[in-house]
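# Per-entry structural report
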Amino acid sequence: MPVSFSLPYRIRHSKRAKHLRLVARPEGIELVVPPAISEDRALAFLHQHRDWAERKLSEMRSMTARSQPLQRLENGSTLPFQGREVPLLVREHAGRRPQVQYDGRFLVSVPAGSSGNLQRLALSALFDWAKAWIREQAEAIVQRHANRFRLYPRQIRVKRMSSRWGSCGPRNDINLNWLLAFAPPSVLEYVVIHELCHIRHRNHSADFWQLVAQHLPGYSAERQWLRRNGAALLRRFE
Ligand SMILES: [Zn+2]
């Protein structure tokens, strides 16, 4: 079957692989091919999943290309919301409180005359907005996954955390880092599932990882994303 691709890929033959698998890497898609599968079939598989592959690739690239910290929240800059750069508009308004609206771009309004405090006000308004947004997303993720193994958190809190993405307390309170709003959606899902699985296993044992995999078989791509981009994201709003 003739197949043409605009997306970069490479084929890796693996004796240990049991299934055809796609792995998104910043340089392109890696097609992992087990011994019994022909390259033609592998390419057809990639073709079948090209929407997924293109999306993953652009998510990964939009972050790795901009791994330097963002010093200022200013009009005309961008924010990596859900891993994609979206425009940021900052303006003064007549209201007394800072406000954030999102409609495909971020509009941050700060009280008129507060330009000296603009960074602090814009950041704290953005934090409040992202906090509510992540809570809603995380609750939907929990609803999708909790019933399966009866893993129910007591509550979900979103915080500023300087070195972790999430945690699960002894009473099953899940804490999430607000910066997860600026990672791809699959990374947020992975972190929520990771903490959810700590309700059952309070460690990172093989049993724990197996439980994570039962919820999210491809989770290693998300772990890898955090390993590569996490440090830069943690510094982004410093
Ligand atoms: Zn953990």
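Structural data are supplied above this passage.
Along each chain, the written sequence defines residue order, and numbers are assigned to residues from 1. Given that the model is predicted, a residue must reach a pLDDT of at least 70 before its local features are reported, and side-chain atom pairs must reach 80 or more before they are shown or counted; all residues, however, enter totals for whole chains, interfaces and linings. With hydrogens and water set aside, each side-chain value is computed from the structure's full complement of heavy atoms.

### Details of the side chain of Glu189
Counted only if it meets this: Here a strand is any run of E in DSSP of at least two residues, a helix any run of H or I of at least four, and the numbering for each starts at the N terminus. Relative accessible area decides the class of each residue, using a 1.4 Å probe on protein chains only: under 20% of the type maximum gives buried, over 50% gives exposed, and in between gives partly exposed. Any N or O atom pair separated by 3.5 Å or less is treated as a polar contact, with the protein-specific requirement of one donor-capable and one acceptor-capable atom, and with residues adjacent in sequence counted only for side-chain atom pairs. Any two residues whose heavy atoms approach within 4.5 Å are treated as being in contact.
Mapped onto the elements of the fold, Glu189 is located in helix H4 (residues 185-197). Judged by relative accessible area, which is 16%, Glu189 ranks as buried. For Glu189, the side chain forms a polar contact with the side chain of His145, separated by 3.0 Å. Ignoring any residue separated from it by four or fewer positions in sequence, one finds Glu189 in contact with Ile141, Arg144, His145 and Leu216.

### Regarding the sheet that holds strand S3 (residues 28-33)
Here is the rule: Any two strands are treated as partners once DSSP identifies two or more bridges connecting them. All axes here are fitted lines through C-alpha atoms, helices being fitted over the stretch that makes contact, and every angle between N-to-C directions spans 0 to 180 degrees.
Taken in spatial order, the three strands make up an open sheet running S1-S3-S2, and their pairing is mixed. This sheet does not close on itself; its edge strands, each paired only once, are strand S1 (9-13) and strand S2 (21-25). When strand polarity is set aside, the average angle formed by the axes of neighbouring strands in this sheet is 25°. Of the pairings in the sheet, the one linking S1 to S3 comprises five bridges and is parallel in character. Within S3, the position partnered with Arg12 by the bridge is Val32.

### A look at the packing of helix H3 (residues 118-149) against H4
What describes two packed helices is the angle between their axes and the distance between those same axes. Quick note on the threshold: An angle below 35 degrees is treated as roughly parallel, one above 145 as roughly antiparallel, one from 65 to 115 as roughly perpendicular, and anything else as oblique. For any helix crossing, the convention is left-handed if the near helix is rotated counterclockwise from the far helix by under a right angle, and right-handed if that rotation is clockwise.
H4 packs onto H3 with a crossing angle of 60° between their chain directions and a minimal axis gap of 10 Å. In this view, H3 runs oblique relative to H4, as classed from their interaxial angle. Where H3 crosses over H4, the two elements pack in a sense that is right-handed. Within the contact between the two elements, H3 uses Trp133, Ile134, Gln137, Ala138, Ile141, Val142, Arg144, His145 and Ala146 and H4 uses Leu188, Glu189, Val192, Ile193 and Leu196.

### Points about the packing of aromatic side chains
As a reminder of what qualifies: Within 6.5 Å between ring centres, the rings of Phe, Tyr and Trp (the latter by its six-membered ring) count as paired, and their orientation is classed by plane angle as stacked under 30 degrees, edge-to-face over 60, tilted in between.
The final tally for this structure, using the stated rule, is 15 aromatic pairs. Taking 6.4 Å as the distance between ring centres and 10° as the angle between the ring planes, the aromatic pair formed by Trp129 and Trp133 counts as stacked. On the criterion of helical spacing, the pair formed by Trp129 and Trp133 is a turn pair, its members being four residues apart in helix H3. Neither Trp129 nor Trp133 differs from the other in exposure class; each is buried. Between the aromatic rings of Trp178 and Phe237, the centroid separation amounts to 5.4 Å while the plane-to-plane angle is 40°, which identifies the pairing as tilted.

### Focus: the coordination of the zinc ion
Counted only if it meets this: Donor criterion used throughout: N, O or S atom within 2.8 Å of the metal, extended to 3.2 Å for Na, K and Ca. Water excluded; incomplete-looking sites may result.
In this structure, His194 (NE2), His198 (NE2) and His204 (NE2) serve as the protein donors to the zinc ion, at separations of 2.0 Å. If you list the donors of the zinc ion from N- to C-terminus, the spacing comes out as H-x3-H-x5-H. His198 sits in the buried class, given a relative accessible area of 11%. For His204, a relative accessible area of 52% gives the class exposed.

On their own, these measurements won't tell you what the molecule is for.
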